[in-house]
Amino acid sequence: MDKPFIFMIIVGILLLTVSIKPTIQVCKKTNRFAWSLLLILIVLFIFGYCWVLYYFTFYGGEPFVTTSVSFILVGGGTFVYLVVRLSLKSILELERSAQHQQFLAEHDSLTNLPKRKKFFNVLNENIEYNQPFILFLIDLNNFKRVNDTYGNNFGDLLLCAFSKTLSQHLSEIAKLYRIGGDEFALLLNSATQDKYDLCIQLINKSVQKPFLIYEQTIRVKLRIGVSYYPKHSMQTNELFKQADLALHEAKKTQQQIVIYFKDLSIRADNLFDMSLLIKQALKNEEFELYLQPIFSSNLNEMHGAEALIRWPQSDGSFISPEVFIKTAEQMGLILNISKWVVLETINHLKSLKALGFIGAIHVNLSTRDLESQDFYELIEQLISVDPTLSDSIIFEITEGAMMTNIEAARTMMYKLNDRGFEFSVDDFGTGFSSLSLLRELPINQIKIDRSFIKDMLTQPADYAIVESTLFLASRLNCKVVAEGIENKALRNTLTAMKCDYLQGYYYSKPIKINDFILKYLNEEIGGVV
């Protein structure tokens, strides 16, 4: 037999031999019987090829037959090799694609950190294997303000820089996850005090230097909530909730770190119970609207009134607005309450105007109201029915509510101002940006907080603050309401200082609508406004 034909058969045998390993790989990856059968056939083919090679080498054959068989065998070996290699390549590409898709599903596209889903999977695994660990929930303090000031792209770059630096510092002892927005989770696979102290030390070290973004130096401050497994809980959701409660406590108390304690859960349960009661009160129309008059100082006549919500109980007591308003804000119910106050005010305005009321009613708005398109659409709907509504309602907003989201406040206030509504800044002087608010926002009136009014006759500093506020307001063409007028001396002093309007217990406590009508709109009793 000619050497070229022997060589071709040997090549066929080699091709079949090198096909065994990738075929075994395919068998493992697909777990299909067909590939196992192919593997057996390849082995049998090798033995068959070897027998043919032996036969033709020692016994020879017709040239046409040996040529034909040699080509068939090398072709068969090539075919098997190509099929197996290409199949394995396709399977590996599909595997890589699936792995990439899984990576994208489990990792944040901005920071490349594992996402919330991956975090909970790892959390469940740690609990399943009963491995003690510490859970940290980390929030960037005032990150929203950074976004509002510099833009979302700037904020994204800050998140990337922060997560990269924190991951590098903690890579040896803990794993970082991004679970949403500017909130991160950190799993420390130990519950010892030494490891905890080291982790906190490394966290602080990672934000010790300011971050440089677009030539702007930004110093990051963190709020951290901590819970321990198994000390605090052995359940995934409960453990996360405990760390979240600790984080909220850190934000509220302006602490850097709060470790979960039992009272946080008790408070959260109370908050939830109160939110259910608020929903029930709205549904059952348990709330009542009270009015407190506002008087013109120079005429000593009623100028308007402030609408205040009250929640009477069956035993004759009242739940303090400070309690249920704060709960409503925390639980996302404040918008429903604000809508109720606006609608109730409008309903009563009709009867008040019919009895001679010509002033404006002050309605308080919250941060959520300023951020809500639903609230604006409600006002749009109401003013389309009664275009004069803007003459009868003045919206009151605290400095704190405006500064929580200054961009949303500016947008909403200008939109409502374009529809004719005026704004009064409540608790003026207690915030940290009063002057900038007066310059940047459409404010027509300010209300000096009662904390400055009550002691102004005995405290020179309070008197100076009130005097300066009145001077500033006059230069800015803003009217001024002084709250907390509780005696005649205060009334006379503020009248002499040319304060525009006065409000307080000296004139009246907040009273029911019917009592307000009897006291101020009945000609025989109080005279027409």
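Everything quoted here is computed from the prediction, not taken from an experiment.

### A short note on the overall build of the protein chain
A tally of helices and strands in the protein chain yields 22 helices and 17 strands. Here the C-alpha radius of gyration of the protein chain, 38 Å, is well above what a compact globule of 529 residues would show, namely 24 Å. Seen through its C-alpha atoms, the protein chain measures out along the principal axes to roughly 135 × 55 × 55 Å. Summarising the internal contacts of the protein chain: among those between residues at least 6 apart in sequence, 67% fall at separations of at least 24. Split by element, the accessible area of the protein chain, about 28300 Å² in all, is 54% carbon and sulfur. Charge centroids of the protein chain, computed over 52 positive and 57 negative side chains, lie 8 Å from each other.

### Let's talk about the nonpolar core
Within the largest apolar cluster, 79 residues are counted, with the highest numbers of intra-cluster contacts made by Phe395, Leu494 and Phe516. Of the residues forming this core, the biggest block, nine residues, is contributed by helix α12 (residues 334-354).

### What to know about the pattern of salt bridges
This model, assessed by the stated rule, comprises nine salt bridges. Linking glutamate 249 and arginine 267 is a salt bridge whose minimum nitrogen-to-oxygen distance equals 2.8 Å. Taken together, the residues span a long stretch of sequence, with glutamate 249 in helix α9 (residues 236-253) and arginine 267 in helix α10 (residues 262-283) at a distance of 18 residues. A salt bridge links glutamate 483 to lysine 447; its shortest N-O distance comes to 3.4 Å.

### Describing unusual backbone geometry
Of note, the amide linkage connecting tyrosine 229 to proline 230 takes the cis form, showing an omega dihedral of 5 degrees. One non-glycine residue, glutamate 215, lies in positive phi territory at about 65 degrees. Residue placement: glutamate 215 occurs in the loop between β4 (211-213) and β5 (216-218). Overall, glutamate 215 belongs to the exposed group, its relative accessible area being 76%.

### Let's talk about α10
In this model, α10 (22 residues) spans 32 Å end to end at C-alpha, consistent with the 32 Å of a helix rising 1.5 Å per residue. Those residues of α10 not exposed but buried are Leu264, Ser265, Ala268, Met274, Ser275, Ile278 and Ala281. Where the residues of α10 are buried, they touch α9, β7 (257-259), β9 (301-312), β10 (318-319), α11 (321-330) and α12. Where α10 terminates, the next one or two residues include glutamate 285, which has phi positive at roughly 55 degrees.

### Quick look at the pairing of strand β14 (residues 445-448)
Residue alternation in β14 divides its side chains into two sets, Gln445 and Lys447 and Ile446 and Ile448, and both sets are buried. Direction of pairing for strand β13 (residues 422-428) relative to β14: parallel, over a ladder of three bridges. The residue bridging serine 424 from the neighbouring strand is glutamine 445, located in β14. Pairing geometry for β14 and strand β15 (residues 479-483), over four bridges, is parallel. Among the inter-strand pairings, lysine 447 is bridged to a residue of β15, identified as valine 481.

### Digging into a nonpolar patch on the surface
Nonpolar side chains collect at one region of the surface, where Phe33, Leu37, Ile40, Leu41, Leu44 and Phe45 lie side by side and expose about 590 Å² of accessible area between them. Locating phenylalanine 33 in the fold gives a position in helix α3 (residues 33-59).

### Considering the environment of valine 43
The residue valine 43 is located in helix α3 in this model. Along the sequence, valine 43 and alanine 250 sit 207 residues apart, while their C-alpha atoms lie 69 Å from each other.

### Comments concerning the packing of aromatic side chains
Here the structure, examined in full by the defined rule, presents 23 aromatic pairs. Note on tyrosine 150 and phenylalanine 154: the rings are 4.5 Å apart at their centroids and 20 degrees apart in plane angle, and the pair reads as stacked. For the pair phenylalanine 357 and phenylalanine 516, a centre-to-centre distance of 6.3 Å together with 70 degrees between the ring planes defines the contact as edge-to-face. One end of the pair, phenylalanine 357, is in the loop between α12 and β11 (360-365); the other, phenylalanine 516, is in helix α22 (residues 513-521), and 159 residues separate them in sequence. Assigned by exposure class, phenylalanine 357 and phenylalanine 516 land together as buried.

### Some words on the confidence of the model for the protein chain
Per-residue pLDDT for the protein chain has a mean of 86; in total, 93% of the residues score no lower than 70. Low pLDDT, under 50, characterises residues 524-529; the predicted model gives this stretch 16 contacts beyond four residues in sequence or across chains.

### Brief notes about the side chain of serine 19
Among the structural elements, serine 19 can be located in the loop between α1 (3-18) and α2 (20-30). Exposure remark for serine 19: the relative accessible area of 0% places this residue in the buried category. At 2.6 Å, the side chain of serine 19 forms a polar contact with the backbone oxygen of leucine 15. Other than its neighbours up to four places away in sequence, serine 19 contacts Ile42, Val80, Tyr81 and Val84.

### So, the pairing of β13
The buried fraction of β13 amounts to five of the seven residues, a majority that puts the element mostly inside the structure. Sheet analysis places strand β12 (residues 393-398) next to β13, joined by five bridges and oriented parallel. Within the sheet, the bridge partner assigned to phenylalanine 395 lies in β13 and is phenylalanine 423.

### Examining the packing of helix α7 (residues 152-170) against helix α8 (residues 193-206)
Look at α7 against α8: their axes get within 9 Å of each other, and the N-to-C directions meet at 145 degrees. Of the two possible hands of crossing, α7 and α8 adopt the one that is right-handed. Across the interface between the two elements, Thr165, Leu166, His169 and Leu170 of α7 pack against Cys199, Leu202, Ile203, Lys205 and Ser206 of α8. Within the contact of α7 with α8, the residues separate by chemical class into five nonpolar, three polar and one charged.

### Here we look at the sheet that holds strand β3 (residues 183-188)
Within the open sheet, the five strands sit side by side as β2-β3-β1-β6-β7. Their pairing is mixed. Because the sheet does not close on itself, it has two edges, and the strands there are β2 (174-180) and β7. Strand-to-strand, the axes of this sheet are offset by a mean angle of 20 degrees, without reference to chain direction. Where strand β1 (residues 133-140) lies against strand β6 (residues 222-229), eight bridges are found, and the strand directions are antiparallel. By the bridge assignment for β6, phenylalanine 133 is matched with tyrosine 229. Against the sheet, helix α5 (residues 116-128) engages β1, β2, β3 and β6, with an angle of about 135 degrees to β2.

Parameters and conventions
Residues numbered from 1 in each chain as written. Predicted model: local features only at pLDDT ≥ 70, side-chain atom pairs only at ≥ 80, totals over all residues. Heavy atoms only, no water. Helix = DSSP H or I, 4+ residues; strand = E, 2+ residues; numbered from the N terminus. Rg over C-alpha atoms; globule rule 2.2 N^0.38 Å. Contact = heavy atoms within 4.5 Å. Areas by Shrake-Rupley, 256 points an atom, 1.4 Å probe, with all protein chains shown as cover. Lys, Arg positive; Asp, Glu negative; His and termini not counted. Charge placed at Lys NZ, Arg CZ, Asp CG, Glu CD. Core = buried A, V, L, I, M, F, W, Y, C linked by side-chain atoms within 4.5 Å. Buried < 20%, exposed > 50% of the residue type's maximum accessible area, 1.4 Å probe, protein only. Salt bridge = Lys/Arg side-chain N within 4 Å of Asp/Glu carboxyl O. Expected span 1.5 Å × (residues − 1). Pairing = 2+ DSSP bridges. Patch = residues over 30% accessible without salt bridge, like charges linked within 9 Å, V, L, I, M, F, W, Y side chains within 5 Å. Phe/Tyr/Trp six-rings, centres within 6.5 Å; stacked < 30°, edge-to-face > 60°. pLDDT = per-residue confidence, 0-100. Polar contact = N/O pair within 3.5 Å; in protein donor to acceptor, adjacent residues only side chain to side chain. Axes fitted to C-alpha atoms, helices over the stretch in contact; angles between N-to-C directions. Left-handed = near helix turned anticlockwise from the far one by under 90°. Nonpolar A, V, L, I, M, F, W, Y, C, P; charged D, E, K, R; others polar.

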